[in-house]
Number of protein chains: 2
Amino acid sequence: MSDAKTMRESGSEFMPKFDDKGLLTAVVLDADSSQVLMVAFMDEEALGATLESGEAHFHSRSRGKLWKKGETSGNVLTVEEVLVDCDQDALVLKCRPKGPTCHTGARSCFYRRLDEGILQPVNS
Amino acid sequence: MSDAKTMRESGSEFMPKFDDKGLLTAVVLDADSSQVLMVAFMDEEALGATLESGEAHFHSRSRGKLWKKGETSGNVLTVEEVLVDCDQDALVLKCRPKGPTCHTGARSCFYRRLDEGILQPVNS
């Protein structure tokens with residue numbers, strides 16, 4: 001195992017690993033219920049803005065720019081804790097949501113489950 | 001809003017949306033504790049193999065091929081439920097892990113939290 005890999009997996013240094021598009025994956029959980037609220041991507045700018053402000057920022061792949069969650073709706077996500085995975089290319093953000101996280105108005109973007117090939121509403 | 005977008009967000013049809021590399025994001029949760037165990041990517045082949053077998057398969061970005069989780073270690077993930085997000089480009093897999101999910105031997109890949117710029121072990 002290379003030294004860089006060892007340091008990333010075992011060390012205490014935060015060495016976020018962005019992919020070839022400059023992105024890593026962020027999974028947002030509700031800090032109280034641990035429900036998964038949304039999944040999005042961060043580039044270095046979005047990660048920096050999140051850590052500096054304490055509110056979740058992402059990189060919009062469709063718009064190709066920094067996106068503060070809730071900048072339009074007011075439904076910001078206050079970050080309580082950040083978990084980092086083994087190879088440091090994915091983060092879990094435990095957040096307090098100010099309102100519905102999904103743009104559809106649902107509490108979570110994951111409002112359907114797959115049931116024998118058909119999507120069914122999730123009660124949550 | 002386009003019809004395709006409406007159908008994806010509101011419909012009961014499973015229309016997984018793969019990105020320009022043919023991938024979508026999969027977040028694995030422990031079906032009992034709801035702890036986030038790992039985050040990985042699926043292409044159409046991995047999604048099909050997962051749904052057919054009931055055991056989690058991913059697409060290894062580094063190796064560029066289908067990867068059955070646990071194919072070497074035996075630590076397979078049996079999928080109990082699949083949640084789908086609003087635009088169908090991310091899945092949550094609620095799984096029963098047969099052993100530690102992380103290749104480091106940790107129960108979850110998210111075994112560290114970021115504390116003022118430094119990674120600290122998570123007790124879980």
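Residues numbered from 1 in each chain as written. Chains lettered and ligands numbered in written order. Predicted model: local features only at pLDDT ≥ 70, side-chain atom pairs only at ≥ 80, totals over all residues. Heavy atoms only, no water.

Caption draft 1: Broad picture of the overall build of chain A. Each helix and strand counted, chain A has two helices and eight strands in total. Secondary structure elements in chain A, listed N-terminal to C-terminal, are α-β-β-α-β-β-β-β-β-β. For chain A, the spread of C-alpha atoms along the three principal axes comes to 45 × 35 × 30 Å. A total of 124 residues make up chain A; the buried ones form 47% of that total. (Helix = DSSP H or I, 4+ residues; strand = E, 2+ residues; numbered from the N terminus. Buried < 20%, exposed > 50% of the residue type's maximum accessible area, 1.4 Å probe, protein only.)

Caption draft 2: Highlighting the UniProt feature "domain: Phosphoribosyl-AMP cyclohydrolase" (unreviewed entry) in chain A. The UniProt entry lists residues 38-111 of chain A under the feature "domain: Phosphoribosyl-AMP cyclohydrolase" (unreviewed entry), expressed in the numbering used here. Within residues 38-111 of chain A, the helical portion is 14% and the strand portion 39%, while the C-alpha atoms at the span's ends are 10 Å from each other. (UniProt positions renumbered as here; feature names shortened; annotations may be inferred.)

Caption draft 3: Region of the structure containing the pairing of strand S7 (residues 112-115) of chain A. Where burial is concerned, the two faces of S7(A) differ: the one with A:Arg112 and A:Leu114 is buried and the one with A:Arg113 and A:Asp115 is not. Relative to strand S5 (residues 77-84) of chain B, S7(A) is paired through two bridges, and the arrangement is antiparallel. Bridge pairing in S5(B) places A:Arg113 opposite B:Leu83. Sheet topology places S7(A) next to strand S8 (residues 118-121) of chain A; four bridges connect them, and they run antiparallel. Note that in S8(A) the partner of A:Arg112 across the bridge is A:Pro121. (Pairing = 2+ DSSP bridges.)

Caption draft 4: Focus on the relation of the copies chain A and chain B. Overlaying chain A on chain B yields an RMSD of 0.0 Å, the required transformation being a rotation through 180° with an accompanying axial translation of 0.0 Å. Read as a symmetry element, the transformation amounts to a two-fold axis. Identified as the residue of chain A closest to the rotation axis by C-alpha distance is A:Ser34, at 3.6 Å. A shared interface surface links the copies, since 100% of the contact residues of chain A are contact residues in chain B too. (Least-squares fit on C-alpha atoms with pLDDT ≥ 70 in both. Contact = heavy atoms within 4.5 Å.)

Caption draft 5: Examining the side chain of B:Arg112 more closely. Tracing the sequence through the fold places B:Arg112 in strand S7 (residues 112-115). One buried charged side chain, B:Arg112, makes no salt bridge at all; its nearest oppositely charged neighbour is A:Asp85, positioned 6.2 Å away. Side-chain polar atoms of B:Arg112 contact the backbone oxygen of A:Glu9, separated by 3.2 Å. (Lys, Arg positive; Asp, Glu negative; His and termini not counted. Salt bridge = Lys/Arg side-chain N within 4 Å of Asp/Glu carboxyl O. Polar contact = N/O pair within 3.5 Å; in protein donor to acceptor, adjacent residues only side chain to side chain.)

Caption draft 6: Broad picture of the sheet that holds S8(A). Sheet architecture is open: six strands sit in the order S8(A)-S7(A)-S5(B)-S6(B)-S1(B)-S2(B), paired in mixed fashion. Looking at strand neighbours, the two that pair on one side only are S8 of chain A together with strand S2 (36-42) of chain B, the edges of this open sheet. The mean angle between the axes of side-by-side strands here comes to 35°, regardless of whether they run parallel or antiparallel. Here helix H2 (residues 44-53) of chain B sits on the sheet and contacts S7 of chain A together with S2, S5 and strand S6 (90-97) of chain B; the angle it forms with S2(B), its principal contact strand, is near 125°. (Axes fitted to C-alpha atoms, helices over the stretch in contact; angles between N-to-C directions.)

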